[in-house]
Amino acid sequence: MKKLLTILFTLCLWAATACAAPTQIDIYSINDWHGYLRAGSDVPGAARLAYALDSLVQQNTDGALVIGGGDMLSGNADANEFDGMSAIAAMNEMGFAANCAGNHAFDYDWDIIKKQARAADFPLLAANIIDSRTGKIAAPFVPYALTERSGVKIGIIGVLDENALAKVKPGRANGVRITNPAQAANKYAELLRQKGAQVVVLVAHIGCKQGDDGISGPIVPVLNALQGVDAVITADSHTVVAGTSCGLPVVQAGEYGRYIGHIRLIYDAEANKITNAQAQTYNVQQLAPGSDAQMSALLQPYFAKIDAKMSRVLAQNVTALANDKYGKSAVADVFMDLLRAETKVDAVLYNGGAVRSALPAGNITLRQVKQVRPFNNTLYVVQLKGSDILAALEHGIASPNLGRVRYSGLAVTARLTAGGTQIKQALLSDGTALQPDKFYRVLTNDFMLDGGDGYASLKNAKNPYPVGQDAEVLAAALAKANVINYSADSRLVLK
């Protein structure tokens, strides 16, 4: 009997110890996917990404969850052509627990956003997108999600940068405003704790970067002000970040599904706190190879439907054309020159964020054109004063957040200063100087005409008339050119 009691006591002691053992929570994240569903030379595609995610999740099945950092549903023809529904289907298949709204949520109108929310098996988070009329969270967005993994209740809050709407096509987000992200996060972190959340994760569609001095950028003031948050997933800047800032693990997984973010938390239920936190990222192509057959089958009908339209060859490209959003872009130079030739204007002005990818050598198809320029802007020829052109150049040449302004028909010499950009000289293609008081025929897009990305001087344009959607106009220009053989020029000289 004594022996039996000893055994029972030992078992009870073992059970109590087992119950009190710390719990491992693995949070995987993808951000700024932009609908890159199909595998390419430098992107893994949804089937490869799904396989990689599943391989990671299987290491801790009960304690793992997958979260989206925003800007997942638009930016590539495979998503755009289906109003983001193909990307939603892929995310459902991958088992996302939540997705934060990003500024590119407003690439679609409200009816489509609501349709996306109905189709998603996960909530669309935005704790600081407020309906201006009601003062409440703008539907169909919700402020948070509350889920459970390995018996631990996990709250997930989503917020956007307070200036996110400056990147949205004016008029597309009418009726909403964005409030302070840290205040919104703190409000709902407290509420989630009241609802029993033991771990709170913030998904912030707010940019950052990582260097020798640690994590920097717009996210840092938010991190400094947070209360009751255990981990932070960031997005928007398309950077690879994994580290600690303000005592919190912070991660961002690059762009286009090339990376997977991972925050590992060790939660001690007895102490009711996180005892260890680690942040890292994985390069998907460096993980064990494999492809998810179910994902491939799911997406095949979408691909088949779009391929007939998008595979048409428009021209031949002799040399691969690179694209640096904040620096030189051979593909932007070529496309701007093509647009100027097609519309016979004096100059072309385009926002840098509108040019999204490089262009490989070989056949140029409509798919590739839409991949470089995915946002379906309408082009306008306008009358614009030289002073307004100069103001746009000064605003866009060295902006750290927007991407360098793209243009054609001008040779510009500029000096970068602590306060911005100083234009020293701007010459037209005929060698004459741009005159501040003279009007010029300029091609631009509806986003810039409405003052998007802060290009306020474009709102002074006169006599605008539309010439078509940018991808279609570019396609026509490429077909006429037949062969693209790029050679670098000195349209911008920085001193």
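Cut-offs applied
- Residues numbered from 1 in each chain as written.
- Predicted model: local features only at pLDDT ≥ 70, side-chain atom pairs only at ≥ 80, totals over all residues.
- Heavy atoms only, no water.
- Pairing = 2+ DSSP bridges.
- Helix = DSSP H or I, 4+ residues; strand = E, 2+ residues; numbered from the N terminus.
- Core = buried A, V, L, I, M, F, W, Y, C linked by side-chain atoms within 4.5 Å.
- Buried < 20%, exposed > 50% of the residue type's maximum accessible area, 1.4 Å probe, protein only.
- Expected span 1.5 Å × (residues − 1).
- Bend = angle between axes of the 7 residues up to and from the residue.
- Polar contact = N/O pair within 3.5 Å; in protein donor to acceptor, adjacent residues only side chain to side chain.
- Phe/Tyr/Trp six-rings, centres within 6.5 Å; stacked < 30°, edge-to-face > 60°.
- Lys NZ or Arg CZ within 6 Å of the ring centre and 35° of its normal.

Asker: Mind laying out the sheet that holds strand S19 (residues 362-365), listing which residues take part and the relevant values?
Answerer: Overall, mixed pairing links the three strands, which are arranged S19-S17-S26 in an open sheet. Two strands in the sheet have a free side with no partner beyond their single neighbour: S19 and strand S26 (483-484). Sheet analysis places strand S17 (residues 313-317) next to S19, joined by four bridges and oriented antiparallel. Looking at the pairing, Val-313 lines up with Thr-365 of S19.

Asker: An account of the nonpolar core is needed here, citing residue identities and associated values.
Answerer: Taken as a class, soluble globular proteins show a tendency for nonpolar side chains to be buried jointly. Core analysis: the biggest nonpolar cluster contains 81 residues, and Trp-33, Ile-129, Phe-141 and Ile-260 have the highest contact counts within it. Per element, the largest residue contribution to this core is eight residues, and it comes from helix H2 (residues 45-57). Membership of the second largest hydrophobic core comes to 35 residues, among which are Leu-321, Met-336, Val-345 and Val-355.

Asker: I'd like a rundown of helix H8 (residues 293-310), residues and numbers included.
Answerer: Its 18 residues place the ends of H8 24 Å apart at the C-alpha level, agreeing with the 26 Å of an ideal helix rising 1.5 Å per residue. Residue Leu-299 marks the point of greatest curvature in H8, where the axis turns by about 40°; the proline Pro-301 follows within four residues. Within the span of H8, buried status applies to Met-295, Leu-299, Phe-303, Ile-306 and Met-310. Between the side-chain oxygen of the N-cap and the backbone nitrogen of Gln-294 there are 3.1 Å, and the N-cap of H8 in question is Asp-292.

Asker: How would you explain the packing of aromatic side chains if you had to name every residue and give the values?
Answerer: Inspection of every chain in the model, using the stated rule, returns seven aromatic pairs. Ring geometry for Phe-82 against Tyr-302: centres 5.0 Å apart, planes inclined by 75°, an arrangement best described as edge-to-face. Here Phe-82, found in the loop between helix H3 (77-80) and helix H4 (85-94), pairs with Tyr-302, found in helix H8; they are 220 residues apart in sequence, far enough to count as distant. Looking at Phe-82, the relative accessible area reads 15%, which means it is buried. With a relative accessible area of 22%, Tyr-302 lands in the partly exposed category. These aromatic residues form a ring-pair network of at least three members: Phe-106, Trp-110 and Phe-141. One Lys or Arg, Arg-38, reaches over the ring of Phe-303 and ends 4.2 Å from the middle of that ring.

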